[in-house]
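# Understanding the architecture of this molecule
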Amino acid sequence: MPSEPTLSRRTVVGTLAASAAAVWLRPLSALAQGSPITKPIPSTGERLPIVGLGSWITFNVGEDADLRDECAAVMSAFFAAGGQMIDSSPMYGSSQAVIGYGLNKLRRPGALFSADKVWISSGDRGPGQIEESRRFWGVRRFDLLQVHNLLAWEEHLPALLAMKAEERVRYVGITTSEGRRHEEIEKIMASRPIDFVQVTYNILDREVEERILPLARDRGIAVIANRPFREGALIRSVERHPLPSWAREIGAGSWAQVILKFIASHPAVTCAIPATTKVAHVKENLAAATGPLPDAAMRRRMAADVAAL
Amino acid sequence: MPEWWTYGLSDFLLFSPRTYYRLLEHHNRAMWPAQLLVAGLALVILGLLRRPTTGQGRIISGILALLWIWVSWAFVWKRYATINWAASYLVPLFVLEALLFFWIGVARGRLIFHPRRNAAGMLGIALLVLALAFYPVLAPLSGRPWEQAEIFGLAPDPTVIATLGLLLLLEGGVRWPLLAVPLLWCLASGATLWAMGSREALILFAAAFFVILAATRPTLRWRKHEYS
């Protein structure tokens, strides 16, 4: 089990109250499945379920009404299972508008933790892009805004931090993917007051374990793990093998759950954000956030076995 | 873009194959019965190639200019750009191609299409047949429904390939300014289809390759004494 940082009494009381409210407001189906495990955002202690929802490719369905409804159904199942964080970006085509459509259809679920990004080479045009994104989502303000792939971060990051100071966004972060620009990510983590860092991390892509995840723990920065399934390629490569015997020990009934439990059990990781177009898959993903998580010894065994496949 | 060498084609694919092909399906539904109109225009082009009349080049150029504008507006801008923001940057190129056909072919009357029995001529006809007859059946041949058929004059790929075929039939040799945009589209759309895992990418790459070959190899160029 991941160790957790010391919390203040105020944070604990607040979190307990929020959790009680969340349980009270959550649909019965979520309670039947079991509430997802949560982890605290280190900078505030606010807790988030360890599995979120990504929108890269899967939610970029344009104006296709049937596919928009499919995405809304995925979001509905996500919230019903206790999910909170949905992540998107202006880079993801129509994904933001499709999320907004889904939120409207679901009558604005209160559990939503909205995570979006600024992705534009001009610092001056960042605020305009953020405002456009906000309108697509239909939210009053974003919970988290991140500088996407460090694009023009020198200009965007101060602007996001200023927005946070004005309470126009709750958290600020930076992102990268697939191992790019890790040195720069480390420098920013070490020198700037960011709340979140988003990196690629899964049972095969483990480079961040060396420096970035320990640094995140030291600096009290929440970690979002993107591309948990390598856009599905990781699942396709392992699913021809039977589930290892240890899968039952960690309560995993599928390879997707094995991978998600591996990611989320790292002490520094706050949540993983798998993307999907299927209701069954989002239920399966959220179910991975329940039950036991592997300990350090099991994690080593899991990584070794999967690498050997 | 920093560390550009670390990016692969799949990093630039913003949508799933399912979404893309359903886009074609919705486009076909929305355009109906324009399919009949563009089929008629295709027959006009084929008729004018078989029996050239006065103003043949102007009529074919006018049809091509119209279809390039139409495809750029109705498909690339109104539909494709909703799932691929990069497509919006290609719309001005489609408009440029239409303007070139209008200016060179319609206004100045400098384009005359004349099929010949040499390599370039045969390739041109083959590309026309590919675009007009083979592309619509690619969807069912690939296991997709008929409703997702790609039709000349409505979808960009067959329109571009038919244009390349017609450009190989021009009297007076290669017109590089007119070839540039269709060749660029072959590369862009081919790369997208390749990232989607679609074998149709090979058609676009092969078309571009053989058109460039036919346009650059002296033995494939038309000579004065071949004109009839």
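In this report, the structure presented in the accompanying data block is examined. None of the values given here were measured: they were computed from a predicted structure.

Our next topic: the overall build of chain B. Helices and strands together make up the secondary structure of chain B, namely 8 helices and 0 strands. Taking 228 residues into account, the globule formula puts the C-alpha radius of gyration at 17 Å, and chain B, at 17 Å, falls close to it. Based on the C-alpha atoms only, the size of chain B along its principal axes is roughly 50 × 45 × 30 Å. In chain B, 70% of the contacts between residues at least 6 apart in sequence involve partners at least 24 apart.

All names here are of chain A. One open sheet holds the 7 strands; their spatial order is β3-β4-β5-β6-β7-β8-β9, and the pairing between them is parallel. The strands lining the two open edges of the sheet, one partner per strand, are β3 (85–87) and β9 (271–272). Contacts between helix α6 (residues 153–165) and the sheet are confined to β4 (113–118), β5 (142–147) and β6 (169–175), with β6 contributing the most and set at about 160° to the helix.

What follows covers the interface of chain A and chain B. Facing the 13 residues of chain A at the interface are 14 residues of chain B. Residues of the side of chain A that touches chain B, tallied by class, amount to 4 nonpolar, 4 polar and 5 charged.

What follows concerns the environment of S189(B). As for its position among the elements, S189(B) is in helix α7 (residues 176–195). With sequence-adjacent residues up to four places away left out, S189(B) is seen in contact with P156(B), D157(B) and L204(B).

Both faces of the sheet carry side chains from a regular strand, because those side chains alternate between them. Residues and elements named next belong to chain A. By the criterion of burial, β4 is predominantly enclosed, with 6 of the 6 residues buried. Side chains F113, A115 and K117 of β4 all project onto a buried face; the interleaved residues S114, D116 and V118 project onto the opposite face, where all are buried too. Sheet analysis places β3 next to β4, joined by 3 bridges and oriented parallel. The residue bridging D87 from the neighbouring strand is A115, located in β4.

Residue and element names in this part refer to chain A. Contact pair helix α3 (residues 65–80) / helix α12 (residues 279–287): the axes reach a minimum separation of 9 Å and the direction vectors enclose 25°. When the axis of α3 is compared with that of α12, the two are roughly parallel. In this structure, α3 meets α12 at a crossing whose hand is right-handed. Every residue of α12 that contacts α3 at A73, V74, A77 and F78 is listed here: V279, V282, K283 and L286. Taken together, the residues that form the contact of α3 with α12 break down as 7 nonpolar, no polar and 1 charged.

Calculation rules
Position labels on residues start from 1 in each chain and follow its written sequence. Whichever chain is written first becomes A and whichever ligand is written first becomes 1, with later ones labelled in order. Only residues with pLDDT of 70 or above have their local features reported here, since the model is predicted, and side-chain atom pairs are shown and tallied only from 80 upward, although totals for entire chains, interfaces and linings are computed over all residues. Helix numbering and strand numbering both begin at the N terminus, where a helix is a DSSP run of H or I of at least 4 residues and a strand a DSSP run of E of at least 2. Radius of gyration means the value over C-alpha atoms here, while the globule rule gives 2.2 Å times the residue count to the 0.38 power. Whether two residues are in contact is decided by their C-beta atoms, placed from the backbone, lying within 7 Å. Strands qualify as paired when DSSP identifies two bridges or more between them. Fitted lines through C-alpha atoms give the axes, limited to the stretch in contact for helices. The angle between two N-to-C directions lies from 0 to 180 degrees. Under this grouping Gly is polar, as are all residues other than the nonpolar Ala, Val, Leu, Ile, Met, Phe, Trp, Tyr, Cys and Pro and the charged Asp, Glu, Lys and Arg. The exposure scheme places C-beta atoms from the backbone and then counts, for each residue, the other C-beta atoms within 10 Å of its own, assigning buried at 20 or more, exposed at 12 or fewer, and partly exposed in between. Here is the rule for angles: anything less than 35 degrees is roughly parallel, anything more than 145 is roughly antiparallel, 65 through 115 is roughly perpendicular, and the remaining ranges are oblique. In a left-handed crossing the near helix is turned counterclockwise from the far helix by less than a right angle, and in a right-handed crossing that turn is clockwise.

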